[in-house]
Amino acid sequence: MCKTDGPTTKKPKTGIASTLARPNILALHPYRCARDDYSTGILLDANENAIGPTSLPTNSLPSDNSLLLERYPCPYQLPLKELLANYRGGGIDASNIFVGVGSDEAIDLLMRIFCRPGEDMIMTTPPTYGMYKVSANVNDVGIAEIPLTKDFDLRIPEWQCQELEWHLTHFFHTNGASYYALRIETKRNKLIPSSSRFTTNKDARSSH
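About the thresholds
Residues numbered from 1 in each chain as written. Predicted model: local features only at pLDDT ≥ 70, side-chain atom pairs only at ≥ 80, totals over all residues. Heavy atoms only, no water. Helix = DSSP H or I, 4+ residues; strand = E, 2+ residues; numbered from the N terminus. Buried < 20%, exposed > 50% of the residue type's maximum accessible area, 1.4 Å probe, protein only. Salt bridge = Lys/Arg side-chain N within 4 Å of Asp/Glu carboxyl O. Axes fitted to C-alpha atoms, helices over the stretch in contact; angles between N-to-C directions. Parallel < 35°, antiparallel > 145°, perpendicular 65-115°, else oblique. Left-handed = near helix turned anticlockwise from the far one by under 90°. Contact = heavy atoms within 4.5 Å. Nonpolar A, V, L, I, M, F, W, Y, C, P; charged D, E, K, R; others polar. Phe/Tyr/Trp six-rings, centres within 6.5 Å; stacked < 30°, edge-to-face > 60°. pLDDT = per-residue confidence, 0-100. Pairing = 2+ DSSP bridges. Right-handed = clockwise from strand over helix to strand, strands pointing away. Arc of directions from axis to C-beta.

Brief notes about the overall build of the protein
Part 1 of the argument: Across its full length, the protein carries seven helices and four strands.
Part 2 of the argument: In sequence order, the protein lays out its α and β elements as α-α-α-α-β-α-β-α-β-α-β.
Part 3 of the argument: When burial is assessed residue by residue, the protein has 32% of its 208 residues classed as buried.

Quick word on the pattern of salt bridges
Part 1 of the argument: Inspection of every chain in the model, using the stated rule, returns five salt bridges.
Part 2 of the argument: Among the ionic pairs, R155 bridges to E158, the shortest N-O distance being 3.8 Å.
Part 3 of the argument: Looking at R155, the relative accessible area reads 28%, which means it is partly exposed.
Part 4 of the argument: Residues participating in the shared-partner salt-bridge network are R116, E119 and D120.

Some thoughts on the packing of helix α4 (residues 102–114) against helix α5 (residues 131–138)
Part 1 of the argument: One can describe the packing of α4 onto α5 by two numbers: an axis separation of 10 Å at closest approach and a directional angle of 40°. Taken together, the axes of α4 and α5 lie oblique to each other. The handedness of the crossing between α4 and α5 is right-handed. Mapping the contact onto sequence places D104, I107, D108 and M111 in α4 and M131, Y132, S135 and A136 in α5.
Part 2 of the argument: The residue inventory of the contact of α4 with α5, partitioned by class, reads five nonpolar, one polar and two charged.

Structural notes on the packing of aromatic side chains
Part 1 of the argument: One pass over the structure, following the stated rule, counts one aromatic pair.
Part 2 of the argument: Judged by centre distance (5.8 Å) and plane angle (85°), the rings of Y129 and Y132 are edge-to-face.
Part 3 of the argument: Its relative accessible area of 1% is what places Y132 among the buried residues.

Focus on the confidence of the model for the protein
Part 1 of the argument: Across the protein, the average pLDDT comes to 75, with 66% of residues at or above 70.
Part 2 of the argument: Ranking the helices and strands of the protein by mean pLDDT puts α5 first, with 94, and strand β4 (residues 199–202) last, with 47.
Part 3 of the argument: A low-confidence stretch, residues 194–208 (pLDDT under 50), is modelled with 48 contacts involving residues beyond four sequence positions or located in other chains.

A few points about the pairing of strand β2 (residues 142–145)
Part 1 of the argument: Sheet topology places strand β1 (residues 121–124) next to β2; four bridges connect them, and they run parallel. By the bridge assignment for β2, M123 is matched with A144.
Part 2 of the argument: Chirality of the crossover, the property in question, places the unit of β1, α5 and β2 among those that are right-handed.

A short note on helix α3 (residues 78–88)
In an α-helix, one full turn covers 3.6 residues, which means residues spaced three or four apart are oriented alike.
Part 1 of the argument: Inspection of α3 places L78, K81 and A85 among the buried residues, and these make up the whole buried set. With its buried residues spanning 60° around the axis, α3 presents them on a single face. Turned more than 90 degrees away from the buried face of α3, the exposed residues are L83, N86 and Y87.

Let's talk about unusual backbone geometry
Part 1 of the argument: Residues P126 and P127 are joined by a peptide bond in cis, for which omega reads 0°.
Part 2 of the argument: Here P127 is to be found in the loop between β1 and α5.
Part 3 of the argument: With phi around 60°, F152 is a residue other than glycine that occupies positive phi space.
Part 4 of the argument: Summarising the element assignment, F152 is placed in the loop between β2 and α6 (156–161).
Part 5 of the argument: Taking the relative accessible area as the measure of exposure, F152 reaches 32% and is therefore partly exposed.

Considering the side chain of S135
Part 1 of the argument: In this structure, S135 sits in helix α5.
Part 2 of the argument: The contact partners of S135, leaving out residues within four places of it in the chain, are I107, D108 and M111.

So, in structure tokens, the structure goes:
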């Protein structure tokens, strides 16, 4: 069962993301699919097997079809997000969790949402994940780099002297190239110039 009221209802723009995102993204109306209205019964629109899966010749599936393998999963991944929110704790709500096809999808979406093609740029800290540069090139976004120190830490003075204005900064919480744990939270005030608009991304593959 996939029930939701949020993803298909346009809500007032609040929070820091609304000040950072591109205007055309904020103006989008959420896509509404048939699963927003119906999620049980014979769903002819979904091109699903109404009879259910067969386990012949092994008979390895439950006879009552409790796994519902012929169904497409919830498009909003609500059951998974609720499990992740409960697992992480700390007051995290399922509505604040993004589930993507690996970190590459999240990196690409962040650039498409926050960076204007041909105008904005991202900041990276090599050695780091190469997909940041690939996604930037695909989305026609500039790239600025401030390499890490020999101890694989951030170069705070260089950040503070950087005259370029970037919109998105990608950090590895635990750098996949060096396995050094960056203490981003303790340095945030020094890293974020008041004139710049950007967010940070901690790569999920290496932050756990």
